[in-house]
Amino acid sequence: MAKKKRQMTTRGRLIILGPVCFFFVACFIVTLFSYATNLYQLQHQKKKLEEEYLALQEMADDLKTEITKLHDPEYLAKFARENYLYSKEGELIIKINERQENISTQEEKLEWNGKMVTYSLIALGIVFLYIIIKGTKKKKSA
């Protein structure tokens, strides 16, 4: 009888402690997984920020060289003519590049819109043909 009591108590302990241990192991695994994903995200963010930092450093270097160039009166005059449409007497300034880019993007939009209209018309035609075929089948069977 004493053996049965011991077996019952051992079984009772296993029944109670088993789920408790499983719960703690599951919590440990979830916590470990969340820390690992957080670490991965932080490493990825660090890599992005380092790349952004390098790009900003390059931009700062470019701006510093631009500042030194702007101290030169000839470069300053050229810069003002190109960016702010200043001209010397008798000069005529025509900007072509910006307008050309706008025209090409507008042409691309028109081409895309044309394709969408064509596909829509084809789809509507198929739907109408389907409706007509269904209507003629019903009339023949009646």
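Residues numbered from 1 in each chain as written. Predicted model: local features only at pLDDT ≥ 70, side-chain atom pairs only at ≥ 80, totals over all residues. Heavy atoms only, no water.

**A few points about the overall build of the protein chain**
Scanning the protein chain for helices and strands turns up three helices and zero strands. Going from the N terminus to the C terminus, the protein chain shows its helices and strands as α-α-α. Among the 142 residues that make up the protein chain, the fraction classed as buried is 1%. Accessible surface, the protein chain as shown: approximately 14200 Å² in total, 65% of it carbon and sulfur. (Helix = DSSP H or I, 4+ residues; strand = E, 2+ residues; numbered from the N terminus. Buried < 20%, exposed > 50% of the residue type's maximum accessible area, 1.4 Å probe, protein only. Areas by Shrake-Rupley, 256 points an atom, 1.4 Å probe, with all protein chains shown as cover.)

**Focus: the packing of aromatic side chains**
Going through the model one piece at a time under the given rule, you end up with three aromatic pairs. Relative to Tyr 84, the ring of Phe 79 lies with its centre 6.1 Å away and its plane at 70°, an arrangement referred to as edge-to-face. Among the residues examined, Phe 79 registers a relative accessible area of 24% and is labelled partly exposed. Given a relative accessible area of 55%, Tyr 84 falls into the exposed group. Three or more aromatic residues joined by ring pairs form one cluster here, namely Tyr 75, Phe 79 and Tyr 84. (Phe/Tyr/Trp six-rings, centres within 6.5 Å; stacked < 30°, edge-to-face > 60°.)

**Observations concerning helix α2 (residues 73-84)**
With twelve residues, α2 should cover 16 Å at 1.5 Å per step; its first-to-last C-alpha distance of 16 Å lies within 8% of that length. Directly after α2, the chain includes Leu 85, whose backbone phi takes a positive value near 60°. (Expected span 1.5 Å × (residues − 1).)

**So, the confidence of the model for the protein chain**
For the protein chain, the average pLDDT comes to 82, and 84% of its residues sit at 70 or higher. The least confident element of the protein chain is helix α3 (residues 97-141), whose mean pLDDT is 77; the most confident is helix α1 (residues 2-70), at 87. (pLDDT = per-residue confidence, 0-100.)

**Details of the pattern of salt bridges**
Considering all chains together, one arrives at one salt bridge under this definition. In this structure, Glu 111 and Lys 115 form a salt bridge, with 3.8 Å as the shortest nitrogen-oxygen distance. Of the two residues, Glu 111 and Lys 115 are both situated in helix α3; the distance of four residues between them amounts to about one turn of the helix. (Salt bridge = Lys/Arg side-chain N within 4 Å of Asp/Glu carboxyl O.)

**Comments concerning a nonpolar patch on the surface**
On the surface, a cluster of nonpolar side chains totalling about 840 Å² of accessible area is made up of Val 117, Leu 121, Leu 124, Val 127, Phe 128, Tyr 130, Ile 131 and Ile 132. Examined against the element boundaries, Leu 124 turns out to sit in helix α3. (Patch = residues over 30% accessible without salt bridge, like charges linked within 9 Å, V, L, I, M, F, W, Y side chains within 5 Å.)

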